[in-house]
Amino acid sequence: MNAHTPVHRVAIVGTGTIGASWATHYLVRGFDVTATDPSPSAETALRSYVSAAWDAAASIGLAPDASPDRLRFTADLRQAVADADLVQENAPERPDLKVKLFADIDDASPPDAIIASSSSGITMSLIQAECRRPERTVIGHPFNPPHIVPLVEVVGGTKTAPETVRDVMSFYAAIGKKPIHLKKELPGHVANRIQAALYREVVYLVQQGVLDVADSDDAVSWGPGLRWGVMGPHLLWHLGGGEGGIEHFMDTLMPRMVASWQELGTPEFTPELKEQIMRGVLEEADGHSVDELAARRDAMLSALLSVRAQHDPYGPSAAAGPEAEEGP
């Protein structure tokens, strides 16, 4: 395969919530961005999103020459990807749509460009099935919202070249993301599976009448959620082992945890439970709109990232823009 060229121009295919957030991140990091979406109202909605999200994204990392004016929009897919160094696809989660879309992007984009999918559940082996150059295709799944949350899950398909995975990992790290490499493909990737496992137990506790919706949210966000915003579970168990660290934890505390796995529940998601959760969420929201709650979330996440940057030498790079790295 051809060597990938350094990334200066990014194409965003699909400008819904994830695509618009990705566009904001790339613009803030100093790239030229061309976006495309078939919806008649897509350009207006995208520019509105970028404007509203700009300050929060810029507070995390702003390239000297970054500007929302470097955003271009076209409804023509081929035109959008014609000169792209990297394509970030964000179309709806429909396998048939993504297979055809990737084949079209592969046909229209430069042969040395990387094509990354934000797909949250479809494997790259399926998506790349009809591509003529599948070796340059890869999953680059963000955690919402991409312009704030650094995590990106990177996983190749059966025909993805190892160099593509290597280069896209380096690229994401250079623009302030925290990429993780999944060595195996599996539905839902990793982060969504982890949060699905947690939410299953939360819903079970609500259904069993142990907690109401608001208290179950507090149980996560004011307890383990605070710690998880600083360290992952393995490192936290290392601290939980005291002076003996992870070895002491595994010898003395892990058997108890393993035994508790048998007590975890699987809720029956009935219409009544659905209504109970919806009522509880609206009560917890207390009249605040989704946009207001999202702005509150993003402000707190930005502040947390700022604190982490002061204390975590292994966190996402503060480097911004196309000049931050030598590779793609």
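Presented here is a report on the structure given in the accompanying data block. Please read all numbers here as calculations on a predicted model, not as lab measurements.

1. What about the overall build of the protein?
Helix and strand content of the protein: 13 helices and eight strands. Relative to its length of 328 residues, the protein is compact, with a C-alpha radius of gyration of 21 Å against a globular reference of 20 Å. Each principal axis of the C-alpha atoms in the protein carries an extent, and together these give about 55 × 45 × 40 Å. Buried residues in the protein amount to 42% of all 328 residues. Within the protein, contacts between residues separated by at least 24 positions form 72% of all contacts whose residues are at least 6 apart in sequence. Summed over its atoms, the accessible surface of the protein is roughly 17200 Å², and 58% of this surface lies on carbon and sulfur atoms. Of the side chains in the protein, 27 bear a positive and 44 a negative charge, and the two mean positions are spaced by 5 Å.

2. Description of the side chain of Asp 37
Take Asp 37: it is sitting in the loop between β2 (32–36) and α2 (42–58). Of the side chains bearing the opposite charge, Lys 98 lies closest to the buried Asp 37, which forms no salt bridge; the N-O distance is 11 Å. For Asp 37, the side chain forms a polar contact with the main-chain nitrogen of Thr 15, separated by 2.9 Å. At a separation of 2.9 Å, a polar atom in the side chain of Asp 37 contacts the main-chain amide nitrogen of Ser 39. Every residue in contact with Asp 37, bar those within four places of it in the chain, is listed here: Gly 14, Thr 15, Gly 16, Ala 42, Phe 73, Thr 74 and Ala 75.

3. Digging into the sheet that holds strand β6 (residues 137–142)
Pairing between the strands of a sheet comes from backbone hydrogen bonds, and it takes one of two forms, parallel or antiparallel. Across the sheet, eight strands lie side by side as β3-β2-β1-β4-β5-β6-β7-β8; this open sheet has mixed pairing. Every other strand in the sheet has two partners, leaving β3 (71–73) and β8 (178–181) as the edge strands with one partner each. The sheet shows a mean angle of 25 degrees between the axes of neighbouring strands, direction not considered. Where β6 and strand β7 (residues 151–156) come together, five bridges link them in antiparallel fashion. In the sheet register, Ile 139 faces β7, and the bridge partner there is Val 155. Each of β1 (9–13), β2, β3, β4 (86–89), β6 and β7 is contacted by helix α1 (residues 17–28), which is oriented at about 170 degrees to β1, the strand it contacts most.

4. Remarks on a negative patch on the surface
A surface patch of like charges, here negative, comprises Asp 212, Asp 215, Asp 217, Asp 218, Glu 283 and Glu 284. Top element by residues in the negative patch is helix α8 (residues 213–221). It accounts for three residues. Position of Asp 217 relative to the elements: it lies in helix α8. Looking at Asp 217, the relative accessible area reads 34%, which means it is partly exposed.

5. Some details on helix α7 (residues 191–207)
In an α-helix, one full turn covers 3.6 residues, which means residues spaced three or four apart are oriented alike. When the terminal C-alpha atoms of α7 are compared, their 24 Å separation across 17 residues agrees well with the 24 Å that a helix rising 1.5 Å per residue should span. Buried positions along α7 lie against β7, α8 and α12 (271–285). Once α7 finishes, Gly 209 follows within two positions and takes phi at roughly 75 degrees, a positive value.

6. Structural notes on the packing of aromatic side chains
Summed over all chains, the structure comprises seven aromatic pairs. Look at Tyr 26 and Phe 171: their rings are 6.2 Å apart centre to centre, the planes differ by 20 degrees, and that puts the pair in the stacked class. Here Tyr 26 is found in helix α1, whereas its partner Phe 171 is found in helix α6 (residues 162–174), with 145 residues between them in sequence. You'll find Tyr 26 and Phe 171 in the same group, each marked buried. A connected cluster of aromatic rings, assembled from ring pairs, spans Trp 22, Tyr 26, Phe 31, Phe 171 and Tyr 172. Directly above the aromatic system of Trp 22 lies the positively charged group of Lys 177, at a separation of 5.2 Å from the ring centroid.

7. Topic: α2
Across its 17 residues, α2 extends 23 Å between first and last C-alpha, which sits within 8% of the 24 Å expected from 1.5 Å per residue. If you check which residues of α2 are buried, you get Ala 42, Leu 46, Val 50, Ala 53, Trp 54, Ala 57 and Ala 58.

8. Overview of unusual backbone geometry
The residue after Asn 144, namely Pro 145, is reached through a cis peptide bond having omega -5 degrees. Mapped onto the fold, Pro 145 is located in the loop between β6 and β7. Here His 189, not a glycine, exhibits a phi torsion of approximately 55 degrees, which is positive. On the secondary structure map, His 189 appears in the loop between β8 and α7. Classification of His 189 as buried rests on a relative accessible area of 2%. Of note in this structure, Asp 286 is not a glycine but carries a positive phi near 55 degrees. Locating Asp 286 in the fold gives a position in the loop between α12 and α13 (290–311). A relative accessible area of 60% means that Asp 286 is categorised as exposed.

Rules behind the numbers
Residues numbered from 1 in each chain as written. Predicted model: local features only at pLDDT ≥ 70, side-chain atom pairs only at ≥ 80, totals over all residues. Heavy atoms only, no water. Helix = DSSP H or I, 4+ residues; strand = E, 2+ residues; numbered from the N terminus. Rg over C-alpha atoms; globule rule 2.2 N^0.38 Å. Buried < 20%, exposed > 50% of the residue type's maximum accessible area, 1.4 Å probe, protein only. Contact = heavy atoms within 4.5 Å. Areas by Shrake-Rupley, 256 points an atom, 1.4 Å probe, with all protein chains shown as cover. Lys, Arg positive; Asp, Glu negative; His and termini not counted. Charge placed at Lys NZ, Arg CZ, Asp CG, Glu CD. Salt bridge = Lys/Arg side-chain N within 4 Å of Asp/Glu carboxyl O. Polar contact = N/O pair within 3.5 Å; in protein donor to acceptor, adjacent residues only side chain to side chain. Pairing = 2+ DSSP bridges. Axes fitted to C-alpha atoms, helices over the stretch in contact; angles between N-to-C directions. Patch = residues over 30% accessible without salt bridge, like charges linked within 9 Å, V, L, I, M, F, W, Y side chains within 5 Å. Expected span 1.5 Å × (residues − 1). Phe/Tyr/Trp six-rings, centres within 6.5 Å; stacked < 30°, edge-to-face > 60°. Lys NZ or Arg CZ within 6 Å of the ring centre and 35° of its normal.

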